[in-house]
Amino acid sequence: MRLPILTYHAGNVAGPGYADNDHRALAEDLAMFSRLGWRVVPLAWVTEQLAGQAKRDLSRCLVLTCDDGTDLDFRDVDYPGQGRQRGFLGCLQDAAGSQQPDLHMSVFVIADPKARARMDRECLHGLDWMREDWWASAVGSGLMAIECHSWDHNHPVMPGPGPEAMPRGDFSEVNSPARAAFEIDQAVDYLNARLAPSRCRFFAYPYGQANPFLVTRYLPGEGARLGLSAALGVQGEPVTLASDPWHLPRYVCGWHWRSPEALAAILADCERG
Ligand SMILES: [Zn+2]
């Protein structure tokens, strides 16, 4: 197995073109997957394969994820200066059909409502685009799952340090049980309370910043208690049967590839392995 997990950010809307608009990129990529015979499958299929709980044929399969949990994951918006943007869910609905019977995207959201409100004001346009009222509907669509992208991303816009004087702006600072409980446990609890009877099962490291404490100690020890079965980074390589479930690699749109041709090359490389 050499399976690519791809990551998009719905907040990336700097222009109309593929390289600076993740909505345009996702729509084009979905069309390409069907054209080239690649099948989008749920992330859970990959972790079940890694855990030996399933033996599906995952050749020419890939997984879709998106990070940060803006409303643009779910609904169409009029983006200031950039016009109407199709939400990621709409892009999936447009691509759904017989060639993509298992179409799915794992949506990694930030839990803390105060942190989201602050990011909406300081990093977006102050249009209340980091709400949570769409989470249950996203899950109900059958095309998305809501997953955990930490309590507050340890984001630099947060006022003051985190637990144990944790410096902001770097998730590798989450290097103690108290800091991990603040960023991960409390986020999982918050999300599960809003998603019930559904639950989140996966964690994505903010900025892709995993560290040895989280990967080799905290999540292997506490993941089962939290109901988590994997954590995802951004190493830019395919998942293989040797991948560490607490640090699964992903490719990021706009970073690891910036054109349909570059993504096609990544897919070809995964298939060659
Ligand atoms: Zn993020």
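None of these values were measured; they are calculated from a predicted model. The residue numbering used here restarts from 1 in each chain and proceeds along that chain's sequence as written. Reporting of local features is limited, given that this is a predicted model, to residues whose pLDDT is at least 70; pairs of side-chain atoms are given and counted only at 80 or more, and all residues count toward the totals for whole chains, interfaces and linings. Note: side-chain values were computed over all heavy atoms of the structure, leaving out hydrogens and water.

Participant: Help me out: how do you make sense of the pairing of strand 3 (residues 61-68) in this one?
Facilitator: Relative accessible area decides the class of each residue, using a 1.4 Å probe on protein chains only: under 20% of the type maximum gives buried, over 50% gives exposed, and in between gives partly exposed. Strands here are runs of E lasting at least two residues and helices are runs of H or I lasting at least four, both read from the DSSP assignment and numbered beginning at the N terminus. Summarising burial for strand 3: seven of the eight residues are buried, a large majority. For strand 1 (residues 5-8) and strand 3, the ladder comprises four bridges, and the chain directions are parallel. Counted as the bridge partner of threonine 7 is threonine 65 from strand 3. At least two bridges found by DSSP between two strands is the condition for calling them paired. Pairing of strand 2 (residues 39-40) with strand 3, which is carried by two bridges, proceeds in the parallel orientation. What sits directly across from arginine 39, in strand 3, is cysteine 61. Inspection of the sheet shows strand 3 paired to strand 6 (residues 105-109) by five bridges, in the parallel sense. When the sheet's bridge partners are listed, cysteine 66 is paired in strand 6 with valine 107.

Participant: Is there a simple way to think about the side chain of threonine 7 in this case?
Facilitator: Secondary-structure assignment places threonine 7 in strand 1. Given the relative accessible area of 0%, threonine 7 is considered buried. Among the polar contacts made by the side chain of threonine 7, one reaches the side chain of arginine 250 at a distance of 3.4 Å. Residues are treated as being in contact if the distance between any of their heavy atoms lies within 4.5 Å. Among all residues touching threonine 7, those that are not within four sequence positions of it are Thr65, Asp67, Arg250, Tyr251, Val252, Cys253 and Trp257. The term polar contact refers here to a pair of N or O atoms within 3.5 Å; inside protein, the definition further demands a hydrogen-donor-capable atom paired with an acceptor-capable atom, and it admits residues adjacent in sequence only when both atoms are side-chain atoms.

Participant: For this particular structure, what's the right way to read the layout of surface pockets?
Facilitator: Rolled over the atoms, a probe sized like a water molecule indicates the empty space that remains. The computed volume of the largest pocket comes to approximately 390 Å³. Residue classes in the lining of the largest pocket are distributed as twelve nonpolar, nine polar and three charged. Of the voids in this model, the second largest pocket is the one considered here, and its volume is about 180 Å³. Cavities and pockets were defined on a 1 Å grid built from protein atoms only: a cavity is a group of points that admits a 1.4 Å probe but offers it no way out, a pocket is an open group of points flanked by protein on both sides within 12 Å along at least five of seven lines, and a lining residue is one with an atom within 4 Å of any such point. Forming the boundary of the second largest pocket are 14 residues, of which Met1, Arg2, Leu58, Ser59 and Arg60 lie nearest the centre. Taken together, the residues of the lining of the second largest pocket sort by class into seven nonpolar, three polar and four charged. Grid points are joined across faces, edges and corners, and a volume is the space filled by probe spheres set on the points. Note on residue classes: Ala, Val, Leu, Ile, Met, Phe, Trp, Tyr, Cys and Pro are nonpolar, Asp, Glu, Lys and Arg are charged, and everything else, Gly too, is polar.

Participant: When you look at the packing of helix 1 (residues 22-36) against helix 3 (residues 88-95) in this model, what are you seeing that I'm missing?
Facilitator: Between N-to-C directions, angles cover 0 to 180 degrees, with each direction set by a line fitted to C-alpha atoms, over the stretch in contact for helices. It is the contact of helix 1 with helix 3, at a shortest axis distance of 10 Å, that shows an interaxial angle of 20°. Classified by the interaxial angle, the pair formed by helix 1 and helix 3 is roughly parallel. In this structure, the crossing between helix 1 and helix 3 has a hand that is right-handed. Packed against helix 1, whose contacting residues are Asp22, His23, Leu26, Ala27 and Leu30, the element helix 3 presents Phe88, Cys91, Leu92 and Ala95 at the interface. Split by residue class, the contact of helix 1 with helix 3 holds seven nonpolar, one polar and one charged. Our angle categories are set so that under 35 degrees counts as roughly parallel, over 145 as roughly antiparallel, 65 to 115 as roughly perpendicular, and the remainder as oblique. Two helices crossing with the near one rotated counterclockwise from the far one by less than a right angle form a left-handed crossing, whereas a clockwise rotation gives a right-handed crossing.

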